Amino acid sequence: MQLRADLATTPALVAFRDELRAWLDRHLTEEFKANPLADPTGAEGDAFERRRAWQRVLHDGGWIGVHWPAEYGGRGATLAEYALFLVTCGEAGAPEPVNTIGLSMVGPTLIEHGTPQQQALLPAILSAETIWCQLFSEPEAGSDLGAIRTRARKQPDGRWHVSGQKVWTSLGPTADLGFLLARTGDAPSGFRGLSCFVVDMHAPGVTVRGLRQMGGQTHFSEVFFDDVVLPADALVGQEDDGWSVATNTLGHERTTAILARHASTMSYASALLGLAGRPGVTPSDRDRAVTDWIEAQVFRLNGYRGVAAAIGGSTSPATWTQRMQWGLLNRRLFETASALRDGDALLLDGEDDHWGTLLLASRGWTIGGGTTEIQRNMLGEKILGLPREPKPV
Ligand SMILES: Cc1cc2nc3c(=O)[nH]c(=O)nc-3n(C[C@H](O)[C@H](O)[C@H](O)COP(=O)(O)OP(=O)(O)OC[C@H]3O[C@@H](n4cnc5c(N)ncnc54)[C@H](O)[C@@H]3O)c2cc1C
């Protein structure tokens, strides 16, 4: 069941959606369809390879990077068309393309800040030939990226020598290229004196060590840099001004990218109603499931409000709440499912049933891309205009 609400509010948007639906009818065959009860961010195994194959089909059909400008291989879609694209693909049961970090974060950043040589890397993002990872977080620098210690030292010949460690790098074990934030200035901490680089993940001195999570997957990794040599043209944007480049990247992660999560959230909410309808479920557990389902609809409609505001040239607070709402809502959905499944709660991975894995994976969804606490701080300061939180002295 789904509440009616439509993003296709103009003839142009209806035409866009109809063209996409017709294309999906022809190309989204059963072999590609996403399991509605699987982790949409899973980075391993058959599901990952299926997503890679699906991205190639999208690419061949001209339906990848739809929000990128046409001159960079995209479709030059408006935000409304992009939102409609994500929602229509999700409703049809399409999996997410595999190169999520490249498509929604690194690509748009290189389009804005990259040199022509760096922009030459864009076509391979679209075709899934090169998979990208994001190398920001470190063991002592997650929420506070101003504490980054990985250092890039400029050599007399213009090249850079990089040493340090990153952690929680999604797609690290499969990535070909990384988008690195490292310290180049003299100050030991702070946001000035950071710079962004493109890194070959197979370069001598780069070691990627996969981190196995509690659900059994190796979604992310530790990455060690031992005097890794980067060419002079690996620098993205201005030296020591990497924070303005990185905030652009994080902005994409916290706004448009989350629209891709609407479809999976709706699938989980519908499946939860299915569990709640089974015999023997208590009225209070049934209430809990219905409350979660209603909140999933609120999440989706809030996403639409954000898109509608953007079409009208403004920013809705709804856009900024989406990331936080997604993490908290999904976590609660799986906790409710686990209560409804009683003794089976932590049984992992039946053929079609991934409730146990999702319950474990969703703990990370309130952490990655900025923890819930950090999202709340941002909402307070940027949207509600509250005083900035005091810094430790
Ligand atoms: C699934 C997943 C995928 C990820 N993928 C990537 C990736 O691809 N690339 C990458 O670079 N990183 C990635 N990360 C790392 C992620 O960005 C960090 O885990 C996150 O920023 C938190 O940093 P931390 O783990 O060091 O926790 P800490 O920053 O040490 O925080 C610990 C606790 O303190 C709280 N806290 C910290 N500061 C404040 C504050 N100012 N106010 C209130 N509370 C605060 C936090 O909310 C948290 O509860 C990923 C993480 C996860 C879980």
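Remember, predicted model here, so these are calculated numbers, not experimental data. (Residues numbered from 1 in each chain as written. Predicted model: local features only at pLDDT ≥ 70, side-chain atom pairs only at ≥ 80, totals over all residues. Heavy atoms only, no water.)

What's the story with the site of the ligand in this structure? I'm lost.
Within the structure, the ligand sits among 17 residues, and Ser137, Ser143, Ser170, Thr371 and Glu373 are positioned closest to it. Backbone polar atom of Ser137 to an oxygen atom of the ligand: 2.7 Å apart, as the coordinates give it. At 2.6 Å from an oxygen atom of the ligand is found a side-chain nitrogen or oxygen belonging to Ser143. Against a free-state accessible area of 980 Å², the protein chains account for coverage of 67% of the ligand. For the shell around the ligand, the secondary-structure elements that each account for two or more residues are β3 (160–170) and α12 (372–383). Here the element with the most residues in the shell around the ligand is α12; it accounts for three residues. Taken together, the residues that form the shell around the ligand break down as five nonpolar, 10 polar and two charged. (Near = heavy atom within 4 Å. Polar contact = N/O pair within 3.5 Å; in protein donor to acceptor, adjacent residues only side chain to side chain. Areas by Shrake-Rupley, 256 points an atom, 1.4 Å probe, with all protein chains shown as cover. Helix = DSSP H or I, 4+ residues; strand = E, 2+ residues; numbered from the N terminus. Nonpolar A, V, L, I, M, F, W, Y, C, P; charged D, E, K, R; others polar.)

What is the right way to read unusual backbone geometry from this model?
For residues other than glycine, phi is negative in most cases, and the peptide bonds are mostly trans. The backbone phi angle of Leu171 is positive, close to 65°, even though this residue is not glycine. Position of Leu171 among the secondary structure elements: in the loop between β3 and β4 (177–183). With relative accessibility at 6%, the residue Leu171 sits in the buried group. In this structure, Asp227 takes a positive phi of about 50° despite not being glycine. By the secondary structure assignment, Asp227 is in strand β7 (residues 220–230). (Buried < 20%, exposed > 50% of the residue type's maximum accessible area, 1.4 Å probe, protein only.)

Would you mind going over the packing of helix α8 (residues 262–276) against helix α11 (residues 355–365) with me for this structure?
In helix packing, the relevant descriptors are the interaxial angle and the interaxial distance, both defined with respect to the helix axes. Two elements in contact, α8 and α11, have axes whose closest approach is 14 Å; the angle formed by their N-to-C orientations is 135°. When the axis of α8 is compared with that of α11, the two are oblique. When you trace α8 past α11, the crossing you get is left-handed. Here Tyr268, Ala271, Leu272 and Leu275 of α8 come into contact with α11, specifically with Trp355, Leu358 and Trp365. (Axes fitted to C-alpha atoms, helices over the stretch in contact; angles between N-to-C directions. Parallel < 35°, antiparallel > 145°, perpendicular 65-115°, else oblique. Left-handed = near helix turned anticlockwise from the far one by under 90°. Contact = heavy atoms within 4.5 Å.)

Would you mind going over the environment of Leu24 with me for this structure?
Structurally, the position occupied by Leu24 is in helix α1 (residues 11–27). Considering only alpha carbons, one finds Leu24 and Cys89, 65 residues apart in sequence, at a separation of 7.7 Å. Those residues in contact with Leu24, other than ones at most four positions away along the chain, are Trp54, Thr88, Cys89 and Ala92.

Any chance you could explain empty space enclosed by the protein here in plain terms?
A water-sized probe rolled over the atoms picks out the places where empty space is left. With the rule as written, the count across this model stands at one cavity of 30 Å³ or more. There is about 40 Å³ of room inside the largest cavity. Forming the walls of the largest cavity are Arg323, Met324, Gly327, Trp365, Thr366, Ile367, Gly368, Gly370, Thr371, Thr372 and Gln375. Going through the elements one at a time, α10 (317–341) and α12 are the ones with two or more residues in the lining of the largest cavity. Sort the elements by how many residues they give to the lining of the largest cavity and α10 lands first, with three residues. (1 Å grid on protein atoms, 1.4 Å probe; cavity = no way out; pocket = protein on both sides within 12 Å on 5 of 7 lines; lining within 4 Å. Points joined across faces, edges and corners; volume = space filled by probe spheres on them.)

Explain the packing of aromatic side chains here, please?
Each aromatic ring pair is summarised here by two numbers: the centre-to-centre distance and the angle between the ring planes. In total, this model carries 13 aromatic pairs according to the counting rule given. Both rings, one in Phe16 and one in Trp63, keep their centres 5.6 Å apart while their planes meet at 75°; by these two values the pair is edge-to-face. Highlighted residues: Phe16 in helix α1 and Trp63 in the loop between α2 (45–60) and α3 (79–92), separated in sequence by 47 residues. A single burial state applies to Phe16 and to Trp63, both of which are buried. (Phe/Tyr/Trp six-rings, centres within 6.5 Å; stacked < 30°, edge-to-face > 60°.)

Can you help me understand α11 in this one?
An α-helix turns once per 3.6 residues; consequently, residues spaced three or four apart project the same way. Along α11, nine of the 11 residues are buried, which leaves the element largely enclosed by surrounding structure. Residues of α11 that are buried: Trp355, Gly356, Thr357, Leu358, Leu359, Leu360, Ala361, Ser362 and Trp365. Those residues of α11 hidden inside the fold are in contact with α8 and α10.

Explanation requested: the pattern of salt bridges in the structure shown.
On inspection of all chains with the given rule, the structure shows 12 salt bridges. One salt bridge connects Arg52 with Glu49, and the closest N-O pair in it is separated by 3.2 Å. In this pair, Arg52 and Glu49 both sit in helix α2, three residues apart, roughly one turn of the helix. In this structure Glu49 comes out as partly exposed when scored by relative accessible area, which is 41%. Note that Lys154 and Glu239 form a salt bridge whose closest N and O atoms lie 3.0 Å from each other. (Salt bridge = Lys/Arg side-chain N within 4 Å of Asp/Glu carboxyl O.)

Keep in mind that these numbers describe shape and distance, not what the molecule does.
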